[in-house]
Amino acid sequence: MNDNPQIKLSETVVLIDAAFLNFVITDIKNYFEKTLQRSLQEIDLSLFTSYLTLDAGINEGKNEVQFLFVYDKESRHLQHCQPSDLQEELNGVAFQSPYGEFSFAGVPSEGMVSREDLFMDLLSVVSDSADVKRMIVVSFNEEYGKKVTDVLQGLKGKEVMQFRMNEPEISVNYKWDMLAFPVMHSLGIRAEEL
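Computed from a prediction, not measured in an experiment: that's the story for all the values here.

Asker: Describe the pattern of salt bridges, naming the residues involved and giving the relevant values.
Answerer: In this structure the tally under the stated criterion is 15 salt bridges. Three or more residues are tied together by salt bridges with common partners; here these are Asp17, Asp72, Arg115 and Glu143.

Rendered as structure tokens:
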């Protein structure tokens, strides 16, 4: 018998692999600091999450958006972000934005399963939840992308947006966009600098 209460999921769930987000942020920051020859600002996490949801098509209003960050020992801190500690600063925290209430939960994989397995388990839970109408997925496609694509391709009755760093290898029946755009925007890179 499982004593854990069911996780109450919002209508919109954003599932993020923190290791992938760190990889992308660090890569983009290093590249553009060299290219633009200036230092880039730290990412305000409330702004980044707003840009991400905006790019996913969420309009202003009374939305409830739940961010689930899957992390392991190496990715517990979000790189170049404020706040950054998924265990101490962000777990169980929420804030109001023009797009609704954004709540954060850090889900550690330490000692139980791999980050990949935990991400896939949560993806399955979110996919199967009748409460969830919209899913926004930021997975580490270079590590386990085909598994994620297989799940998302088979999904019915949910609005899906996947943020990635390159085009899907196959034609997909869900929306996707480049993760680079909200990250660059959050780092203070202006369109005219590109």
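Asker: I'd like a description of helix α3 (residues 115-128), backed by residues and values.
Answerer: The terminal C-alpha atoms of α3 lie 20 Å apart, and with 14 residues this matches the ideal 20 Å at 1.5 Å per residue to within 8%. Considered for burial, the residues of α3 that qualify are Arg115, Leu118, Phe119, Met120, Leu122, Leu123, Val126 and Ser127. On its buried side, α3 packs onto β1 (12-17), α1 (18-36), β3 (63-71), β6 (100-108), β7 (134-138) and α4 (141-153).

Asker: How would you explain the packing of α3 against α4 if you had to name every residue and give the values?
Answerer: Running from N to C, α3 and α4 cross one another at 10 degrees; their axes reach a closest spacing of 11 Å. The orientation of α3 relative to α4 falls into the category roughly parallel. Note on element contacts: α4 touches α3 through Glu143, Tyr144, Lys147, Val148, Val151 and Leu152, opposite Arg115, Glu116, Phe119, Met120, Leu123 and Ser127.

Asker: Can you lay out the side chain of serine 75 for me, pointing to particular residues and giving the numbers?
Answerer: With respect to the secondary-structure elements, serine 75 resides in the loop between β3 and β4 (81-82). Residue classification places serine 75 among the buried residues on the basis of a relative accessible area of 2%. One polar contact links serine 75 to aspartate 72, side chain to side chain, over a distance of 2.8 Å. The contacts of serine 75, once residues within four sequence positions are left out, are Ala18, Ala19, Asn22, Leu86 and Arg115.

Asker: Give me the lowdown on the sheet that holds β7, citing residues and values where you can.
Answerer: Here 7 strands make up an open sheet; going across it, the order is β5-β6-β3-β1-β7-β8-β9 and the pairing mixed. Each edge of the sheet is formed by a strand with only one pairing partner; in this case those strands are β5 (94-97) and β9 (175-178). The mean inter-strand angle of the sheet, taken between neighbouring strand axes irrespective of direction, is 20 degrees. Looking at chain direction, β7 and strand β8 (residues 159-164) are connected through 4 bridges and run parallel. Counted as the bridge partner of methionine 135 is valine 160 from β8. Against the sheet, helix α2 (residues 45-55) touches β1, β3, β5, β6, β7, β8 and β9, its axis set at about 105 degrees to β6.

Asker: Requested: an account of the confidence of the model for the protein, with residues and values cited.
Answerer: Summing up the model confidence of the protein, the mean pLDDT is 94 and the portion of residues at 70 or higher is 96%. Every residue in residues 1-5 is under pLDDT 50, and counting partners more than four places away or in other chains gives 0 contacts.

Asker: Describe the packing of aromatic side chains, with residues and values.
Answerer: Applying the stated criterion across every chain, the model contains 11 aromatic pairs. Taken together, Phe67, Phe69, Phe95, Phe102 and Phe104 form an aromatic cluster joined through their ring pairs.

Asker: Which residues make up α4, and what are the values?
Answerer: Spanning 13 residues, α4 covers only 15 Å between terminal C-alpha atoms, well under the ideal 18 Å at 1.5 Å per step. When the local axis directions of α4 are compared, the greatest deviation, roughly 35 degrees, occurs at lysine 147. Taken residue by residue, α4 has Asn141, Tyr144, Gly145, Val148, Thr149 and Leu152 as its buried positions. Next to the buried residues of α4 lie β1, α3, β7 and β8.

Conventions and cut-offs
Residues numbered from 1 in each chain as written. Predicted model: local features only at pLDDT ≥ 70, side-chain atom pairs only at ≥ 80, totals over all residues. Heavy atoms only, no water. Salt bridge = Lys/Arg side-chain N within 4 Å of Asp/Glu carboxyl O. Helix = DSSP H or I, 4+ residues; strand = E, 2+ residues; numbered from the N terminus. Expected span 1.5 Å × (residues − 1). Buried < 20%, exposed > 50% of the residue type's maximum accessible area, 1.4 Å probe, protein only. Contact = heavy atoms within 4.5 Å. Axes fitted to C-alpha atoms, helices over the stretch in contact; angles between N-to-C directions. Parallel < 35°, antiparallel > 145°, perpendicular 65-115°, else oblique. Polar contact = N/O pair within 3.5 Å; in protein donor to acceptor, adjacent residues only side chain to side chain. Pairing = 2+ DSSP bridges. pLDDT = per-residue confidence, 0-100. Phe/Tyr/Trp six-rings, centres within 6.5 Å; stacked < 30°, edge-to-face > 60°. Bend = angle between axes of the 7 residues up to and from the residue.

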